[in-house]
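Residue-level structure breakdown
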Amino acid sequence: MKLHFVKNTSNNKRFRAGVIEVQSRGAGEAGWIVETGIPGVGKTALTKNWALEQGAVWLTAKENWTVNYFIQDLAEALGVPTKGDVKKRDALIVGQLARGQIPIVIDEVERCFKRDFAILRQLRTFSDAAEIIVVLCGMEDERKQHIQTQIANAMEFGSRVFKAITINPATLEDLRIIAGEILEVKLADDLTEEIYRQSGGILRQAKNAFSIAERFGLRHQRDTVALADMENVQLCQSFKVKGR
Amino acid sequence: MAWIAGDILRAAAELAGTSPAVGVELASLAEHAGLERKQASESCAVLVDLGFLDRLQPGRFQVTPAGLVALAEGSPMKSGPKGPVPKGRSRGLRQLAWRAMRMEKKFTLPELQGLICDGDEKDAYSNLQQYASFLVRAGYLIVLPKKAQGGAPTSNGHNRYLLDAAMDTGPLAPVYRKKSGEAYDPNTQKAWKLEQEARA
């Protein structure tokens, strides 16, 4: 299996278009993006790929984060000294962010909802001062109130500073593109369609199935692997796949 | 000074002819624009970021509607960042790898490759191996005792690395100075000699 990030998927294109849209908003406005999706759709991987290109700060929210702990983690990520005068520390943070226009990504943002969203309010202080992009990633859960709505309401965001992006399960075309780019063998259409059906577009499941098919193809020196070759082979874990 | 990515975008539109939606190979773009392959590859990456090109697959690109509009308007397409950038911020593979190591803390090289590579790189794994080897010798990375399973049946597995938190000095990638046999950390601006010659 080839090892690279496949950029040409619908989710990745939509995420990057959303970033460009937020970046092109009027001068002097920070832009917040709230990105959510169910587990396994590739949300973290695509965000990390973008964040690494941009040199963004990536922080994973912790259960025991306080505002000060968050600021310390941010300072360390930027290479700003964490000891000494806190006013100077915060000023250096804003300076670094502003000079470099360094985006900030917070993963597992649900953990920042405690204490009346105090951590996000502090983050907004930094991002408004430095006028940078902020991307908040969270897991969508149909049983709870949607993260995007919670953040928008709590932070009193208007539409000009806030963009919501939902990362969906992969489409069949996405799976064809990914298989075409990373596999050392070709998959017949019927096999790709079956993997799509079984995985429900959950990339974690689909990639595991791709790996199984590729191993078969390489072992039997086949250029193309078809559905008939996978008879009695478990491609995806049998579990109830959530509908779209 | 002309912006060469603009030349690449024009070349992509010209080569696609009357059907701008047809993709164009990287080698054809380089030849048509009279550029080195590496220049063309880097320009394509910038144009993809700007939304003017789509990467259909590694080494094959397509002009987007936004790219066509930019060409038609004769926009003064400027490359570069949309704001000030600190000196030394790089898109090079090792800089990307360092960022990924700081992000992941614990990783294998295939995992890093899956995050930072887009398929256009030459010998990415070999480059990452050499860089990781240097970082181990310089004390930044620790090789964990248990290996990760490799994909191939005959694979010996992959080293698992841990970034030593005490050596996570900042966002700029440490470099190996081959001539002097030194490690240099641009975050602390300190250099020190490494004991053996690195292959980095």
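**Re the overall build of chain B**
Looking only at helices and strands, chain B has seven helices and nine strands in total. Burial status across chain B gives 39% buried among its 200 residues. In the form shown here, chain B has an accessible surface area of approximately 11,000 Å², with 52% of it arising from carbon and sulfur atoms.

**Quick look at the pattern of salt bridges**
All names here are of chain A. One pass over the structure, following the stated rule, counts 23 salt bridges over all chains. Two residues, Lys163 and Glu21, come together in a salt bridge whose shortest N-O distance is 3.2 Å. With Lys163 in strand E5 (residues 162-166) and Glu21 in helix H1 (residues 10-23), this pair connects stretches of sequence that are 142 residues apart. Accessibility expressed as a relative area gives 21% for Lys163, which makes it partly exposed.

**Side note on the nonpolar core**
Of all hydrophobic cores here, the largest spans 48 residues; its most connected members are Met101 and Ile116 of chain B. Listed by contribution, the elements that provide at least two residues to this core are H1, helix H2 (43-54) and strand E4 (133-139) of chain A together with helix H5 (93-104), helix H6 (109-116), helix H7 (124-137) and strand E6 (161-163) of chain B. A per-element tally of this core places H5 of chain B first, with seven residues. Val34, Ile93, Leu120 and Val134 of chain A belong to the second-largest nonpolar core, a separate cluster that totals 37 residues.

**Side note on the packing of aromatic side chains**
On inspection of all chains with the given rule, the structure shows eight aromatic pairs over all chains. Residues Phe113 of chain A and Phe117 of chain A carry aromatic rings whose centres are separated by 4.9 Å and whose planes lie at 40° to one another, so their mutual orientation is tilted. The buried category is assigned to Phe113 of chain A, whose relative accessible area is 15%. Here the aromatic rings of Phe134 of chain B and Tyr176 of chain B are separated by 5.6 Å at their centres, their planes lie at 50°, and the arrangement is tilted.

**Quick notes on the interface of chain A and chain B**
Between chain A and chain B, the residue contacts involve 29 residues of the former and 32 residues of the latter. Across the chain A/chain B interface, buried area totals approximately 2,300 Å², and carbon plus sulfur atoms make up 56% of it. Contact with chain B buries surface across chain A, with Leu3, His4 and Leu52 of chain A losing the most and accounting together for 27% of the total. Inspection of the region where chain A meets chain B yields two salt bridges. Residue Lys13 of chain A is joined to Asp54 of chain B by a salt bridge in which the shortest nitrogen-to-oxygen separation is 3.9 Å. Where chain A touches chain B, the interface holds ten residue pairs in polar contact (both at pLDDT 80 or more). When contributions to the side of chain A that touches chain B are tallied by element, the ones reaching two or more residues are H1, H2, helix H3 (67-78) and helix H4 (86-100) of chain A. Of all the elements, H2 of chain A adds the most residues to the side of chain A that touches chain B, at seven residues.

**With respect to the packing of helix H8 (residues 189-199) of chain A against helix H9 (residues 203-219) of chain A**
Residues and elements named next belong to chain A. Contact geometry for H8 and H9: axes closest at 9 Å, N-to-C directions at 145°. Judged by the twist between their axes, the crossing of H8 over H9 is right-handed. Between H8 and H9, the contacting residues are Leu191, Ile195 and Ser199 on the first element and Gln205, Ala206, Ala209, Phe210 and Ala213 on the second. Along the lines of polarity and charge, the residues of the contact of H8 with H9 split into six nonpolar, two polar and no charged.

**Side note on H4 of chain A**
Residues and elements named next belong to chain A. With 15 residues, H4 should reach 21 Å at 1.5 Å per residue; the first-to-last C-alpha distance of 21 Å fits that figure. Within H4 the residues assigned to the buried category are Arg89, Ile93, Gly95, Leu97 and Gly100. Where H4 is buried, its residues touch H3, strand E3 (104-107) and helix H5 (114-130). Just past H4, the residue Gln101 takes up positive phi, approximately 45°.

**Some words on unusual backbone geometry**
Residues apart from glycine generally show negative phi values, whereas peptide bonds are mostly found in trans. All names here are of chain A. Residue Arg115 is not a glycine yet carries a positive backbone phi of 50°. Relative to the elements of secondary structure, Arg115 occurs in helix H5. Since its relative accessible area comes to 57%, Arg115 is described here as exposed. The phi dihedral of Asp116 falls on the positive side, at around 55°, and the residue is not glycine. Here Asp116 is to be found in helix H5. Asp116 gets classed as exposed once you look at its relative accessible area, which sits at 54%.

Scoring rules and cut-offs
Residues numbered from 1 in each chain as written. Chains lettered and ligands numbered in written order. Predicted model: local features only at pLDDT ≥ 70, side-chain atom pairs only at ≥ 80, totals over all residues. Heavy atoms only, no water. Helix = DSSP H or I, 4+ residues; strand = E, 2+ residues; numbered from the N terminus. Buried < 20%, exposed > 50% of the residue type's maximum accessible area, 1.4 Å probe, protein only. Areas by Shrake-Rupley, 256 points an atom, 1.4 Å probe, with all protein chains shown as cover. Salt bridge = Lys/Arg side-chain N within 4 Å of Asp/Glu carboxyl O. Core = buried A, V, L, I, M, F, W, Y, C linked by side-chain atoms within 4.5 Å. Phe/Tyr/Trp six-rings, centres within 6.5 Å; stacked < 30°, edge-to-face > 60°. Contact = heavy atoms within 4.5 Å. Buried area = accessible area lost by both parts, 1.4 Å probe. Polar contact = N/O pair within 3.5 Å; in protein donor to acceptor, adjacent residues only side chain to side chain. Axes fitted to C-alpha atoms, helices over the stretch in contact; angles between N-to-C directions. Left-handed = near helix turned anticlockwise from the far one by under 90°. Nonpolar A, V, L, I, M, F, W, Y, C, P; charged D, E, K, R; others polar. Expected span 1.5 Å × (residues − 1).

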